[in-house]
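# Examining the three-dimensional arrangement
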Amino acid sequence: MNNYRIYFTSRTINDIGDTLQEIAIIYIMALYTQSAIIAGTIISLNALVRIACSFLAIKTKTNSNVKILLRNMDLVYGGITLLFFLIYKINGSDMNYWVLIIYEVICSYIYTYYKIYQDVIIKDICSSNEQIARLFALDNIISVLVSLISSFLIILLKIEIFLLLNAFSFFISSIIISRLNIQNNTFKNKNIETKIFKKIVDFRYNYPFVFRIIITSSILSFFYATYNVVFQNALKIFSISANSIGILTGVYDVFVIILSYIVGFLRIKDTKKVICIFLLLVLIGLLITPFFQGVVFIVIITIVYSVIGGGYNSFCQIIFQNYVNAYDIPTLKGIYNIFCGISIMVSGYASPLLLRKVSLNFFCIIMAAVVGFLIIYNIFWNIINGGTRNDNE
């Protein structure tokens, strides 16, 4: 079995475990009378932890074997999930909600670093953009399929079984990932600068095109994070039947899966054009949306969000893998997580307030104006910067 198949298998098992855990945590939170407060606390703390870890990822100098790092994180992740399973098994709904909050924060800490070093190892095991795209499509497919299957399993199985399965998924993943046979897999961070701001400035200088993509993505993240808010508002405004929600959600899932796989076949040398094409598709969708109502409005806006989530975001990850050296990926992901994380946090508070003040159609126009600005920004970037170095464009 080659390295790609080994890693693909490990990632599949991880994705299944992650989705099962997400379902279990939602169920457990619902048992508490103050579930909304607990959910909000967990979301806020998780965001803060990931931003803090991203700052540390930028600053930390690492000289470690990435395969061993991932294996050890799998073992720790599985261990604390097994401990949480035992605590919940013993206490049930009487379990103190702080145990849940602490568990989620620890998971968020491990998850942030795990995802960063996953991106490092992808450079060693993927030989084509199609293989990279297949990994991102896999994440989306597993999330959708496991969620659907779990709807039936939750009727047959106790919720703590989901936690147990997740714990074992990490133990199995650690065994599989240990079988990777990668030459020179020792990750050496050649950047000795440990001042965070200086490292961000240096990254901006060394990878100006990639940095521009990060800025574009962070602005888009503000609106992409509004998907659930916009979707719920549209359902309420147009009085859409609850029976249609599953189908409408399915439209989003299908488009995200298809687009995240298709981007692997796009030519990387045409990155400027492809980025602008994705943004143009989003702009067109936002401009025509106000002319429709009801189910058609929701379908169009759902496709718009899927173009961002499945097309644009997946293509950006491929750009990162092609343009950035392995030892700079932790810095890249740290900057990306900080910028996009802050944007998403602000969106979580601002978008519901904004939608109380303006109509859904006007909100789409605001989004269209921002996306239009991003298109102009990307098209005229070289002129504005007077021919700056282009990091291998």
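Note that the structure is a prediction, hence the values are computed from the model and not measured.

### Quick notes on the environment of Tyr117
- Tracing the backbone shows Tyr117 in helix 4 (residues 97–125).
- In this structure, the C-alpha to C-alpha distance between Tyr117 and Lys67, residues 50 residues apart in sequence, is 8.8 Å.

### Brief notes about the environment of Ile214
- Considering the arrangement of structural elements, one finds Ile214 in helix 8 (residues 208–224).
- A sequence separation of 125 residues divides Ile214 from Phe339, and the C-alpha atoms of the two residues are 7.6 Å apart.

### A few points about helix 13 (residues 329–357)
- Between its terminal C-alpha atoms helix 13 stretches 40 Å, which fits the 42 Å expected from 29 residues at 1.5 Å a residue.
- Taken as a whole, helix 13 carries its principal kink of about 35° at Gly348; the proline Pro352 stands between one and four residues after it.

### Here we look at the pattern of salt bridges
- Applying the stated criterion across every chain, the model contains three salt bridges.
- When the shortest N-O distance is used, the salt bridge between Asp119 and Lys333 registers 3.1 Å. Of this pair, Asp119 sits in helix 4 while Lys333 sits in helix 13, and the two are 214 residues apart along the sequence. Taken as a pair, Asp119 and Lys333 share a single burial class, namely buried.
- Its salt-bridge partner being Lys198, residue Asp202 comes within 3.0 Å of it at the nearest N-O pair.

### With respect to helix 11 (residues 271–288)
- Across its 18 residues, helix 11 extends 26 Å between first and last C-alpha, which sits within 8% of the 26 Å expected from 1.5 Å per residue.
- Those residues of helix 11 that sit buried are Thr271, Val274, Ile275, Cys276, Phe278, Leu279, Val282, Leu283, Gly285 and Leu286.
- The inward-facing, buried residues of helix 11 contact helix 8, helix 12 (294–323) and helix 14 (360–379).

### Details of the packing of helix 1 (residues 3–30) against helix 6 (residues 159–177)
- Their axes nearest at 8 Å, the elements helix 1 and helix 6 cross at an angle of 160°. When the interaxial angle is binned, helix 1 and helix 6 end up roughly antiparallel. When the axes of helix 1 and helix 6 are compared, the crossing they make is left-handed.
- When its residues are assigned to classes, the contact of helix 1 with helix 6 shows 16 nonpolar, eight polar and one charged.

### Points about the packing of aromatic side chains
- Applying the stated criterion across every chain, the model contains 19 aromatic pairs.
- Their ring planes at 35° and their centres at 5.7 Å tell us that Tyr227 and Phe231 sit as a pair that is tilted. Of this pair, Tyr227 and Phe231 are both found in helix 9 (residues 227–237), four residues apart, which corresponds to roughly one turn of the helix.
- Relative accessible area serves as the criterion here: at 12%, Tyr227 is assigned to the buried category.

### What to know about the packing of helix 8 against helix 14
- Orientation of helix 8 relative to helix 14, taken along the N-to-C sense of each, is 175°, at an axis distance of 11 Å. Classified by the angle between their axes, helix 8 and helix 14 sit roughly antiparallel to one another. Judged by residue contacts, Arg212, Ile213, Ile215, Thr216, Ile219, Leu220 and Phe223 of helix 8 engage Phe363, Ile366, Met367, Val370, Val371, Leu374, Tyr377 and Asn378 from helix 14.
- Classifying every residue of the contact of helix 8 with helix 14 by side-chain character gives twelve nonpolar, two polar and one charged.

Rules of the game
Residues numbered from 1 in each chain as written. Predicted model: local features only at pLDDT ≥ 70, side-chain atom pairs only at ≥ 80, totals over all residues. Heavy atoms only, no water. Helix = DSSP H or I, 4+ residues; strand = E, 2+ residues; numbered from the N terminus. Expected span 1.5 Å × (residues − 1). Bend = angle between axes of the 7 residues up to and from the residue. Salt bridge = Lys/Arg side-chain N within 4 Å of Asp/Glu carboxyl O. Buried < 20%, exposed > 50% of the residue type's maximum accessible area, 1.4 Å probe, protein only. Contact = heavy atoms within 4.5 Å. Axes fitted to C-alpha atoms, helices over the stretch in contact; angles between N-to-C directions. Parallel < 35°, antiparallel > 145°, perpendicular 65-115°, else oblique. Left-handed = near helix turned anticlockwise from the far one by under 90°. Nonpolar A, V, L, I, M, F, W, Y, C, P; charged D, E, K, R; others polar. Phe/Tyr/Trp six-rings, centres within 6.5 Å; stacked < 30°, edge-to-face > 60°.

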